[in-house]
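Single-letter residue listing:
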Amino acid sequence: MDISVVIPLLNEDESLQELEAWIRRVMNENKFSYEIIFVDDGSTDNSWNVIKDISNKNENVKAIRFRRNYGKSPALNEGFKIAQGDVVITMDADLQDSPDEIPELYDMVKNQGFDLVSGWKKKRYDSKFAKNIPSKFFNFTTRLMTGIKLHDFNCGLKAYKNDVVKNIEVYGEMHRYIPVIAKAEGFRNIGEKVVQHQKRKYGTTKFGMSRFIRGYLDLLTITFISKFGKRPMHFFGGIGTVIFLAGFIMGVYLAFQKIFNSVYGMTDRPLFYLALICMIIGTQLFLTGFIAELIQTNSSRKKQYGIAEKI
Ligand code: UDP
Ligand code: MG
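In this text the structure is predicted, and so the values were computed from the model without any measurement.

Draft legend 1. View of the site of ligand 1. Around ligand 1 sit 18 residues, and of these Asp-41, Asp-94, Lys-131, Thr-205 and Lys-206 come closest. At 2.9 Å, a backbone N or O of Pro-8 approaches an oxygen atom of ligand 1. Taking Leu-9, its main chain carries an N or O atom lying 3.3 Å from an oxygen atom of ligand 1. Burial of ligand 1 by the protein amounts to 94% of the accessible area it has alone, namely 530 Å². Looking at side-chain class alone, the shell around ligand 1 contains five nonpolar, four polar and nine charged residues.

Draft legend 2. Layout of the pairing of strand β5 (residues 116–120). For β5, a buried count of five out of five residues is recorded, marking the element as mostly surrounded by other parts of the structure. Burial of β5 is two-sided: the residues Leu-116, Ser-118 and Trp-120 facing one way and the residues Val-117 and Gly-119 facing the other way are all buried. In this structure, β5 lies alongside strand β6 (residues 158–161), joined through three bridges in antiparallel fashion. Considered in β6, the bridge of Val-117 is made with Ala-159. The sheet contact formed by β5 and strand β7 (residues 190–194) spans five bridges and is parallel. Bridge pairing links Leu-116 to Ile-190 in β7.

Draft legend 3. How the structure looks around the coordination of the magnesium ion (ligand 2). Distances from the magnesium ion (ligand 2) to its protein donors, Asp-94 (OD) and Gln-96 (OE1), fall at 1.9 Å. Take Gln-96: its relative accessible area is 8%, and that puts it in the buried class.

Draft legend 4. Inspection of the sheet that holds strand β2 (residues 34–40) at higher detail. Strand order in this open sheet of seven strands is β3-β2-β1-β4-β6-β5-β7, and the pairing throughout is mixed. The sheet is open, and its two edges are formed by β3 (61–65) and β7, each paired on a single side. Averaged over all pairs of adjacent strands, the angle between their axes in this sheet comes to 20 degrees, without regard to strand direction. When strand β4 (residues 87–90) meets β6, the two strands line up antiparallel, connected through four bridges. Bridging from a neighbouring strand, Val-87 pairs with Lys-161 of β6. Taken strand by strand, helix α2 (residues 47–57) contacts β1 (3–9), β2 and β3, and its axis lies near 155 degrees from that of β3. Along the sheet, helix α3 (residues 72–82) contacts β1, β2, β3, β4 and β6; its crossing angle with β1, the most-contacted strand, is approximately 155 degrees.

Rules behind the numbers
Residues numbered from 1 in each chain as written. Chains lettered and ligands numbered in written order. Predicted model: local features only at pLDDT ≥ 70, side-chain atom pairs only at ≥ 80, totals over all residues. Heavy atoms only, no water. Near = heavy atom within 4 Å. Polar contact = N/O pair within 3.5 Å; in protein donor to acceptor, adjacent residues only side chain to side chain. Areas by Shrake-Rupley, 256 points an atom, 1.4 Å probe, with all protein chains shown as cover. Nonpolar A, V, L, I, M, F, W, Y, C, P; charged D, E, K, R; others polar. Buried < 20%, exposed > 50% of the residue type's maximum accessible area, 1.4 Å probe, protein only. Helix = DSSP H or I, 4+ residues; strand = E, 2+ residues; numbered from the N terminus. Pairing = 2+ DSSP bridges. Donors = N, O, S within 2.8 Å, 3.2 Å for Na, K, Ca; no water. Axes fitted to C-alpha atoms, helices over the stretch in contact; angles between N-to-C directions. Contact = heavy atoms within 4.5 Å.

Rendered as structure tokens:
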């Protein structure tokens, strides 16, 4: 199969039929073999019925329905699990992303060697203050922190090599950072394509301003996990040791003064408390490192290492 289109959706019943027809037209015109995977993220409107209807008419349409709303990332994750196409394309359900971009995205991944191609909504049709300006800032800091030169991390329209989606796990609200996760897994060939963007035709946006605050917290988590996720002791143990040693040296210095120079009144000196605090915090960080290692080695989600090829 050439292409899997994964579409997460929450209450988008008005758009779905139009979207499916559009994708079908593009696929047929280009003679792609394809599947469309709708992931209904706990919609409370008529979306699921519409999807059932669509899949009765088009055998290339598959669908997953969540029991409740988990979020866009879990929806993508489940879609990725069952995607069979050589190239996997994700797209929002609200008709803001254009299926006409599919052939070019497919070509970039299939023939030009990209692991991942991210859409770039160069000209956006969203409200300036709620989205465009904060989003510029968001993309700027993410570029700075991750070293990945993308203009639009959050774009819903992306294309992946099948291998990529099978080797990453997207949870929480990590969908904004799939390129970062993919890069941490060793998929380095990340490209970008300017894509058409439309105004939302039906319904309203599902994300508020809270996305930016959560976005930064997620970025911290991702940077931390991709660096120390498999070796937490190196982080906690490292800092713990340094702090403990600092406290210990201060303590030795105080004891030395008391014994050999007969300086008394140690417990009145700030240094005494600093020494205590440092030793306690240092030990705690160290123990945290141990616990983190225990959790890491016993974790049921024990991830395999990314293997690029086998002979
Ligand atoms: N979405 C989802 N689960 C959620 C929130 C959103 O599956 O909890 C879907 C939504 O239906 C749409 C896509 O994610 O297909 C992008 O959402 P939206 O258009 O509201 O985001 P925006 O374009 O405003 O960034
Ligand atoms: Mg949208």
